[in-house]
Each structure stands twice: as C-alpha cells, then as structure tokens.
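Structure assessment
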Amino acid sequence: MPEAPRGAVDKALDLVEAVARASRPPRLTDLAEEVGLHRATAYRVLLDLVRRGWVLRAGDRYLPGTAVLRLSSSAARNSLGALARPVLAALSGHTGLMVNLQVPEADRSRVIDVVRPDRLAMISSLNGQALPVHRFAGPLALVAALAPDDRAPYLRAAEEAGHPLDGPDGLLADIEEAERTGFAVEYGRNEQPVASLARAVVTRPGEPVCALTVVGLGPDFGEALLPALRERLREATGELARILSGSAPSPSTEGPA
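Reference entry: report on the structure contained in this document. All of these numbers come straight from a predicted model, not from anything done at the bench.

A closer look at the overall build of the protein chain
- A tally of regular secondary structure across the protein chain gives nine helices and eight strands.
- Summed over all atoms, the accessible surface of the protein chain reaches about 13600 Å², with 53% contributed by carbon and sulfur.

Here you go:
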C-alpha cells in the first residue's frame, strides 16, 4: 500500500488512534495497513510511541499506553461536558426547563449534553445530533457570535436546504437580531409546540466555544417570562465563560441530572 504524504505528528496520532479504537490488541501489520503506512515506517513510529508511553507493546501486539490512560482520565475530569454539567443542572433547576450544551461544527452545531426535567420527557433531547442553523436556536446563537467571514458554511447549508437568506423571514435577519440582542429565540420551527432560547458562550470575540439552550413548551416562553429567562441564561453563560477562561473555580461535577 503506498504511503500517504503525512508528517510525523500525523503518523503518530494515526497509530495512537488506531490502537485505541481496536476491538482487540492489533499487530504491527494490522496497524500499518489500517493507517496506510509502510510496515517499516509504522514500526519506527511505534518505537517512539512505546518509549513515550503512548503505546504499550505486549509480545507482537499493541495496547494503549499509560500516557493515553492518564490523558483519558484528565479529559474526563476537565472536558467541556464535565465543566459545563453543573451549570446546565443549575440552570435547569432554576427554570424548570430542559437545557442543552452545543458546540459548533463545520456547518451546524452538535448537542453534547442535556439536562431534561421529568415534566418535559415528551420533548426529544436531540443529544448527539447535529442541528442546522435555520431550524434551531443553539446554532443560530453560535453563528451570530461568529465573525461575519466565518458564517459562510452555515449560511450555505441553510440555503441548500431551501431556507431563504434574505428578507424579513430570512436567516440573515435572524442572525442580525441574535447578534444585536445576544439571544436566539425559536418558536416551533423544528417541532410544535416546542420553543427555545439560546446564548453563546464566548471567551474571545468572534470565537464562540459553545452555546447553552433552554428548551420547553411555548407557554414557558411567554412575553412576561422571557426577561427572567434571558437573565438566567445570561448568568449561566457568563459563569461558564469564566470557568473556561480560568477566572472562576471549576464547580463540582456532582449535582442533579
């Protein structure tokens, strides 16, 4: 198999990932074939990975090394989901609404954690799903927080789905409103009678890290209730931004689910 033109870091990461995802400890030949390297090249890279503790050699097979295990443990404690979970739980407890955490992807956002109260069990959590900007408040809040030049992939995806960009009901008007207010609101666009309110978490201008979205039924978002919801959401996103920037202590991960 011809060797792909990749740098040393790419080769090393490819091999570490291949070892980590294998259903049983792989041999050198298995790894070289999977990642597209010559056997001799894979062997040389694996020697360095074993030396650094990223891979463990057991006979003629390879397993994840102690460095991977330490990193996995640290990531479990310090991941975005772990850091944000107490904030989500507190926001859900204060509002009685479902709260989700979304991160930006290439042309949409992905839900990576959800806290849903029992009373809203009939609403889909969408956990793990990728959401388009023209149908959901979370990606709309994220796109509105992006620098204008970085919005093109999201706009293109909406346009390809047949959603208008221009005009009073177009996506650009929605983005402008979300940018002006700092909040994105959605009423039944994806599912009746579900409504939602989202706000991006920003630690550097033009680079949103994630978004928090509160989700409930239409009456939960009445005009009289919206100001208090916005304030709760503003406080929660501000707290998460401080945690992520290191200016606030990380909360305990224990709390209501």
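With respect to the environment of Arg70
- Position of Arg70 among the secondary structure elements: in helix H4 (residues 66–78).
- A relative accessible area of 55% places Arg70 in the exposed class.
- Taking C-alpha positions, Arg70 is 28 Å from Asn100, a pair spaced 30 residues apart along the chain.

With respect to the side chain of Thr237
- With respect to the secondary-structure elements, Thr237 resides in helix H9 (residues 226–244).
- A distance of 3.2 Å separates the side chain of Thr237 from the side chain of Arg199, its partner in a polar contact.
- Engagement of the side chain of Thr237 in a polar contact is seen with the backbone oxygen of Arg234, the distance being 3.1 Å.
- If we ignore the near neighbours within four places in the chain, the residues touching Thr237 are Arg199, Ala200, Val201 and Leu212.

Topic: the packing of aromatic side chains
- Inspection of the entire model under this criterion finds zero aromatic pairs.
- Of note, Arg199 hangs over the ring of Phe183, and the distance from its end group to the ring centre comes to 4.9 Å.
- The ring of Phe183 has Arg230 lying over it, and the distance from NZ or CZ to the ring centre is 6.0 Å.

Quick word on the pattern of salt bridges
- The full count for this structure, using the stated rule, is 11 salt bridges.
- One salt bridge connects Arg21 with Glu34, and the closest N-O pair in it is separated by 2.9 Å. Of this pair, Arg21 sits in helix H1 (residues 8–21) while Glu34 sits in helix H2 (residues 28–35); the two residues are 13 residues apart in sequence, bridging distant segments of the chain.
- Note that Glu179 is salt-bridged to Arg151, the shortest N-O span being 3.4 Å. Of this pair, Glu179 sits in helix H8 (residues 171–181) while Arg151 sits in the loop between helix H6 (137–145) and helix H7 (152–160), and the two are 28 residues apart along the sequence.
- Glu179 gets classed as partly exposed once you look at its relative accessible area, which sits at 46%.

Structural notes on H6
- Counting buried residues in H6 gives nine out of nine residues, a clear majority hidden from the surface.
- Listed as buried for H6 are Ala137, Gly138, Pro139, Leu140, Ala141, Leu142, Val143, Ala144 and Ala145.

Focus: H2
- Buried within H2 we find Leu28, Leu31, Ala32 and Val35. Viewed end-on, H2 has its buried residues packed into an arc of 95 degrees, placing them on one side of the element.
- Where H2 is buried, its residues contact H1, helix H3 (39–52) and strand E2 (61–64).
- Positive backbone phi, approximately 75 degrees, marks Gly36, located one or two places after H2.

Focus on the pairing of strand E8 (residues 207–217)
- Counting buried residues along E8, eight of its 11 residues qualify, which places the element largely inside the surrounding structure.
- Here strand E3 (residues 98–104) runs beside E8; their pairing, made up of five bridges, is antiparallel. Looking across to E8, one finds that Gln102 is bridged to Ala211.
- When strand E7 (residues 194–204) meets E8, the two strands line up antiparallel, connected through 10 bridges.

Scoring rules and cut-offs
Residues numbered from 1 in each chain as written. Predicted model: local features only at pLDDT ≥ 70, side-chain atom pairs only at ≥ 80, totals over all residues. Heavy atoms only, no water. Helix = DSSP H or I, 4+ residues; strand = E, 2+ residues; numbered from the N terminus. Areas by Shrake-Rupley, 256 points an atom, 1.4 Å probe, with all protein chains shown as cover. Buried < 20%, exposed > 50% of the residue type's maximum accessible area, 1.4 Å probe, protein only. Polar contact = N/O pair within 3.5 Å; in protein donor to acceptor, adjacent residues only side chain to side chain. Contact = heavy atoms within 4.5 Å. Phe/Tyr/Trp six-rings, centres within 6.5 Å; stacked < 30°, edge-to-face > 60°. Lys NZ or Arg CZ within 6 Å of the ring centre and 35° of its normal. Salt bridge = Lys/Arg side-chain N within 4 Å of Asp/Glu carboxyl O. Arc of directions from axis to C-beta. Pairing = 2+ DSSP bridges.

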